[in-house]
Structures are given as structure tokens and as C-alpha cells.
Amino acid sequence: MHAGLRITAFAAALAATFGTAYGVGQAVGPVTEDKTPAPHDAHMGDSESGHSESPGHSGHESPPAGGLQISENGYTLDLRTLRLAAGRTADLRFAIRGEDGRAVTAFRREHDKELHLIVASRDLNTYRHLHPIRAADGTWSIPVSLPRAGGYRVFADFTPEKKGAENLTLGADLAVSGTYAPQNLPAPNTTATTEGYEVKLGGALRPGAARELKLTVSRGGRPVTDLQPYLGAYGHLVALRSGDLAYLHVHPGGEPGDGSTEPGPDISFTATAPSSGTYRLFLDFKHEGKVHTAAFTVRAGTAAMEEEASGPAPGEVSEEASHESAGEHGH
């Protein structure tokens, strides 16, 4: 069961009138802004207890997926900005609330930041890695511009500064108004190009089994051997499962200054897929003072999974997959 897009009643009525317009790829629009905030719907994976296994997760075979719940372990993602307009820059505001309902103001720094914010469209064509600023009262905010109308998922990845607290990834839905034109998931690829760089992906995701993913960066046909540290490593990788946008925790192999990890061209990670399925991988890496993003579509598990309808050409990364941080773009 997939979490639905938050669109207005008008757009929903249009979708009903034209039947399976989303499925056949016909434009449905415009999606207008609703000035009356709607309450949060139940999110994929939510239950009365706030815990649920992700699809394909059984027993101890696969790790739990993150980002499917708005609340977990007594913490809640309170997304204050429920709607944005496509193509317009506006502040995205939220807070992390504890069991007492108060905004949390103490976080453990992980990968050089107190909190990592990921925003991704439901079709996984648009991706943002953001680093918002926290006010003294615990409210986080950052200006953001999203290019296309439709449904998005906001992920907050953090660890509370509390003894015994575990790392959490909470998720909430965000609606972006405007003329909505559905897009297909990009086709599977093992090579991605971004801003003059070529990144090759080696290795494979396996359900319930840790596997090494090796990404190799080159430019102009030459290996890049002077990558710069970014978030405590030479690269940062986010994996999202197509369909429900389950968030995978991916761990880098080694770190700058450990005496054995080279600054490129290879960047290694260890990842475990929670289930068979199709995933999008987003690699952020820093070179010559700027952060670049390379995106991949990969399959985990069943090799004979049916091909999705063709998307953008394999290896091409649009401007919609990018990195942003508070007050600056691309560093």
C-alpha cells in the first residue's frame, strides 16, 4: 500500500474523471494550492503502536527500512510546511518533538551535522539533500525550491542527544502545487554523468545481505584522485526504494585521515536492501569545492523483474537531482 499524493480535492476529482491518468502518463493539472491545511494521513508502515515491518521484511532476514513512519521511539516529525508551489523558493519548516510534545533542541552530530534532511519526489526524479538551520526553540528551517508539482516525501535523519538514543529517520508527506505531469522512474543504469563527471557503480544490492557498493569517479576520462571530505567521508550515499520511498541507511567504508582510505577515485559503501525491488541511489561527492550528485536506478533481488516503462536515458542526471544547504547551493 503506497502513501498517496497530497493533492487538492479539485485535482483528485479530475484524476477520478479521467480514470487512470497517472498510470498512463497523462498530465493532470493544474494542482492548486489549498489554503486549508490538511491533517497528516497515516503513513506507509505506520500502525497504532508506531512500528511496522516494511514490505518484504520478515524476521531477521532484512533490516527495517526507515522513513516510512512520522513517529518512532517517542519522537515525531512535525512538518510545519505542508505545501509549496512548484518553482518558487519558500522556507521549509519543521520540528522534531519528543514524547512530551516539546521540540527537541539537543542532537548528536553525525556525519558532521546534527540533522540531515532529504526531500524526494514520489517518482524519484527530483532529489534534494539539505542542511537546515535550527533555531533556539528547536524549529528547523531552510529555503527550498522544487521544480515540479506532485507528491514529495521529506526525511529527517538524526540522533537525539540522549543516552541510549538510536539514529532515526522519520518521514512526512509534502505537496507541491502546479501543473502535474507524471514521470517514469529512470531506467536502470550503472554509469551516471553529472556536471562533467562520470561515476560508475560496481556491486549490487541484495535483500537481507550486506554488500559492498563501489562508486568510481572520473572526469574527462581520467580518475579523480583528489576528492574532498564531505560529511565526514569522501562521499555520502542515500538509497530510496521505489514505490513507498523506504529510506536505507548506507555506511561509508573508511574515512578521510584513517591511513587507509584514499581520496578517490573509488568510494565504497556497505548497504543492505530490506526487500527485493527497485531502488534509486543518490551519491553526493565533493571536488574542487563543489558538491555534485550522481543518481542510479538499481534492482535488488529478483533479476527477472519486469522492466518499467522507459525513463530518461541511462546515465543522465537532470538538474532536479542536486544538493543544497542552508544559504548556499552546491557549496
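Predicted, not measured: the structure shown is a model, and the values here were computed from it.

What counts, and where the lines are drawn
- Residues numbered from 1 in each chain as written.
- Predicted model: local features only at pLDDT ≥ 70, side-chain atom pairs only at ≥ 80, totals over all residues.
- Heavy atoms only, no water.
- Pairing = 2+ DSSP bridges.
- Helix = DSSP H or I, 4+ residues; strand = E, 2+ residues; numbered from the N terminus.
- Buried < 20%, exposed > 50% of the residue type's maximum accessible area, 1.4 Å probe, protein only.
- Salt bridge = Lys/Arg side-chain N within 4 Å of Asp/Glu carboxyl O.
- pLDDT = per-residue confidence, 0-100.
- Contact = heavy atoms within 4.5 Å.
- Polar contact = N/O pair within 3.5 Å; in protein donor to acceptor, adjacent residues only side chain to side chain.

1. Some remarks on the sheet that holds strand 16 (residues 236-241)
Across a sheet, paired strands are connected by hydrogen bonds in the backbone, their directions being either parallel or antiparallel.
Phase 1: Across the sheet, which stays open at both edges, the four strands sit in the order 17-16-20-21 with antiparallel pairing between neighbours. Here the strands that pair on one side only, and so sit at the sheet edges, are strand 17 (247-248) and strand 21 (290-300).
Phase 2: Alignment of strand 16 against strand 17, held across two bridges, turns out to be antiparallel. When the sheet's bridge partners are listed, L240 is paired in strand 17 with Y247.

2. A short note on the pairing of strand 21
Phase 1: Here strand 21 lies mainly inside the structure; 10 of its 11 residues are buried.
Phase 2: Both strand 20 (residues 277-287) and strand 21 contribute to a ladder of 11 bridges, which runs antiparallel. Residue pairing in the sheet places R280 in a bridge with T297 of strand 21.
Phase 3: From the end of strand 20 to the start of strand 21, which pair antiparallel, there are two residues, and E288 there has a positive phi angle of about 55 degrees.

3. Structural notes on the pattern of salt bridges
Phase 1: Within this structure, the stated rule accounts for nine salt bridges.
Phase 2: The residue D78 makes a salt bridge to R97 at a minimum N-O spacing of 2.8 Å. You can see D78 sitting in strand 3 (residues 75-79) and its partner R97 sitting in strand 5 (residues 90-97), a full 19 residues away along the chain.
Phase 3: Across the salt bridge formed by E288 and R219, the nearest N and O atoms sit 2.9 Å from each other. Separated by 69 residues along the polypeptide, E288 in the loop between strand 20 and strand 21 and R219 in strand 14 (residues 211-219) bring together distant segments of the chain.
Phase 4: By relative accessible area, E288 is classed as exposed at 57%.
Phase 5: Given the relative accessible area of 35%, R219 is considered partly exposed.
Phase 6: Because the salt bridges share partners, they merge into one network encompassing D78, R80 and R97.

4. Looking at the confidence of the model for the chain
Phase 1: Per-residue pLDDT for the chain averages 80, and the proportion of residues at 70 or more is 72%.
Phase 2: Between residues 304-319, whose pLDDT stays under 50, and residues either more than four places distant or in other chains, the model counts 38 contacts.
Phase 3: Residue range residues 325-331 is modelled with pLDDT below 50. Its contacts to residues more than four positions away, or to other chains, number 17 contacts.

5. Focus on the sheet that holds strand 9 (residues 139-144)
Phase 1: Spatially, five strands are ordered 2-3-5-9-8 in an open sheet, and the strand pairing comes out antiparallel. Looking at strand neighbours, the two that pair on one side only are strand 2 (71-72) and strand 8 (133-134), the edges of this open sheet.
Phase 2: Sheet topology places strand 5 next to strand 9; six bridges connect them, and they run antiparallel. Bridge pairing links A90 to V144 in strand 9.

6. Some details on the environment of T139
Phase 1: As for its placement among the helices and strands, T139 is situated in strand 9.
Phase 2: In sequence terms T139 and R80 are 59 residues apart; their C-alpha atoms lie 9.3 Å from each other.
Phase 3: Excluding anything up to four places from it in sequence, T139 contacts R93, F94, I133 and R134.

7. Observations regarding the side chain of H287
Phase 1: Among the structural elements, H287 can be located in strand 20.
Phase 2: Looking at H287, the relative accessible area reads 3%, which means it is buried.
Phase 3: In this structure the side chain of H287 is engaged in a polar contact, spanning 2.7 Å, whose partner is the side chain of D226.
Phase 4: Contact partners of H287, with chain neighbours within four places excluded, come to Y197, R219, V224, D226, L227, Q228 and H292.

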